[in-house]
Amino acid sequence: MLLTRLRTDGKVVAKDLAAELGLSEDSIRRDLRDLAAQGLCQKVYGGAVPASPAVVDYAGRRALAPESKQEVARRAARLVHPGAVVVLDGGTTALAVAGALPADLTCTVVTHSPTVAVALLEHPGVETILIGGRIFKHSAVACGAAAVEAAGSVSADLFLLGVTGVHLEHGLTTGDADEAAMKRALSRRAAETWVLASAEKLGTASAFDVLGLDDVAGIVTDGGDHEVSRGLAARGIAVL
């Protein structure tokens, strides 16, 4: 029943559901903890929201919604203009963006993802700057103090940010604290941040906050008819 409520309402508020069902709030919270331990929901203050499916390992994410990621990548590539300095995040959607860039594009791409940097070898006009640090294997990106320090020297026009969850109440989230800190550091170094969010990430959350929705210029998604997309547009946040 809790999973059904999560799917239909997009959240469970423990206090409200306990009153509705005539159960104790502790009983609802205990059931939510059990579901969270199974990866079936994300606990938040007062209840739970749907867990992002994008917190599985890197190989698993490459197989998750590939057509959706390719569509997001095609749209995001339109934001990259000739001569620009662009920070491209890591992860499987960012890797798809690297492949979607025009073959004759001339620009500079800064990334902390070795896989993205290798993919950009196929673009002779793209100067690639790779930020180093401790490799977080789950997402195949450099994180940690050395990477955050290196990010401080970057000055970019655009940051294409990957997250695992986009939620109207809980903002932009990801599954690792160090990775979240690296994403914030990169966002601070760009004039604009756009979020890469394939449809399966909309309305979900992960454990660690990255940014608030009002901290980004817009979201690139293939879920234009999703309630999250409509909610973002109503708040004046661009949806591409």
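The model shown is predicted, which means the values in this text are computed figures rather than measured ones.

**Q** Even after reading the chapter, I still don't get empty space enclosed by the protein, so can you show me in this structure?
**A** Space left empty within the atom packing is revealed by a probe, the size of a water molecule, rolled over the atoms. Under the defined criterion, the tally for this structure stands at one cavity of 30 Å³ or more. As a volume, the largest cavity reaches approximately 30 Å³. For the largest cavity, the full set of lining residues is V166, L172, V195, L213, V216, G218, I219, L232 and I237. Of the residues in the lining of the largest cavity, the class split is eight nonpolar, one polar and no charged.

**Q** Got a minute to help me understand the sheet that holds strand β2 (residues 42-44) in this structure?
**A** Whenever strands of a sheet pair, they do so through backbone hydrogen bonds, lying parallel or antiparallel. Overall, antiparallel pairing links the three strands, which are arranged β1-β3-β2 in an open sheet. Each edge of the open sheet is held by one strand with a lone partner, namely β1 (12-13) and β2. The sheet contact formed by β2 and strand β3 (residues 47-49) spans three bridges and is antiparallel. Bridging from a neighbouring strand, V44 pairs with G47 of β3. Lying on the sheet, helix α3 (residues 25-37) is in contact with β1, β2 and β3; it crosses β2 at an angle near 140°.

**Q** Is there a simple way to explain the sheet that holds strand β4 (residues 85-88) in this structure?
**A** Overall, parallel pairing links the seven strands, which are arranged β6-β5-β4-β9-β12-β14-β15 in an open sheet. Of all strands in the sheet, those with a lone pairing partner are β6 (126-130) and β15 (238-239), marking the two edges. Where strand β14 (residues 218-220) meets β15, two bridges bridge the pair, whose relative direction is parallel. Bridge pairing in β15 places G218 opposite A238. Most of the contacts of helix α5 (residues 66-77) go to β14, to which it runs at about 130°, and overall it touches β9 (156-162), β12 (190-196) and β14.

**Q** Looking at this model, I keep getting lost on the packing of α5 against helix α6 (residues 92-100). Mind explaining?
**A** Each pair of packed helices gets described by two things: the angle between the helix axes and the distance between those axes. Put simply, α5 and α6 touch, their axes get as near as 8 Å, and they point 55° apart. Of the possible angle classes, the one that applies to α5 and α6 is oblique. As α5 packs across α6, the resulting crossing turns out to be right-handed. For the pair α5 and α6, contact is made by K69, Q70, V72, A73, R74, A76 and A77 and by T92, T93, A96, V97 and A100, respectively.

**Q** Mind showing me how you'd approach helix α10 (residues 227-234) here?
**A** Structural remark: α-helix, 3.6 residues per turn; residues separated by three or four positions point the same way. Turning to α10, its buried residues number three or more, namely V228, S229, G231 and L232. In an axial view of α10, the angular spread of the buried residues amounts to 160°, which keeps them on one side of the axis. Contact partners of the buried residues in α10: β10 (165-167), β14 and β15. At the C-terminal side of α10, G236 shows a positive phi close to 85°.

Conventions used here
Residues numbered from 1 in each chain as written. Predicted model: local features only at pLDDT ≥ 70, side-chain atom pairs only at ≥ 80, totals over all residues. Heavy atoms only, no water. 1 Å grid on protein atoms, 1.4 Å probe; cavity = no way out; pocket = protein on both sides within 12 Å on 5 of 7 lines; lining within 4 Å. Points joined across faces, edges and corners; volume = space filled by probe spheres on them. Nonpolar A, V, L, I, M, F, W, Y, C, P; charged D, E, K, R; others polar. Pairing = 2+ DSSP bridges. Helix = DSSP H or I, 4+ residues; strand = E, 2+ residues; numbered from the N terminus. Contact = heavy atoms within 4.5 Å. Axes fitted to C-alpha atoms, helices over the stretch in contact; angles between N-to-C directions. Parallel < 35°, antiparallel > 145°, perpendicular 65-115°, else oblique. Left-handed = near helix turned anticlockwise from the far one by under 90°. Buried < 20%, exposed > 50% of the residue type's maximum accessible area, 1.4 Å probe, protein only. Arc of directions from axis to C-beta.

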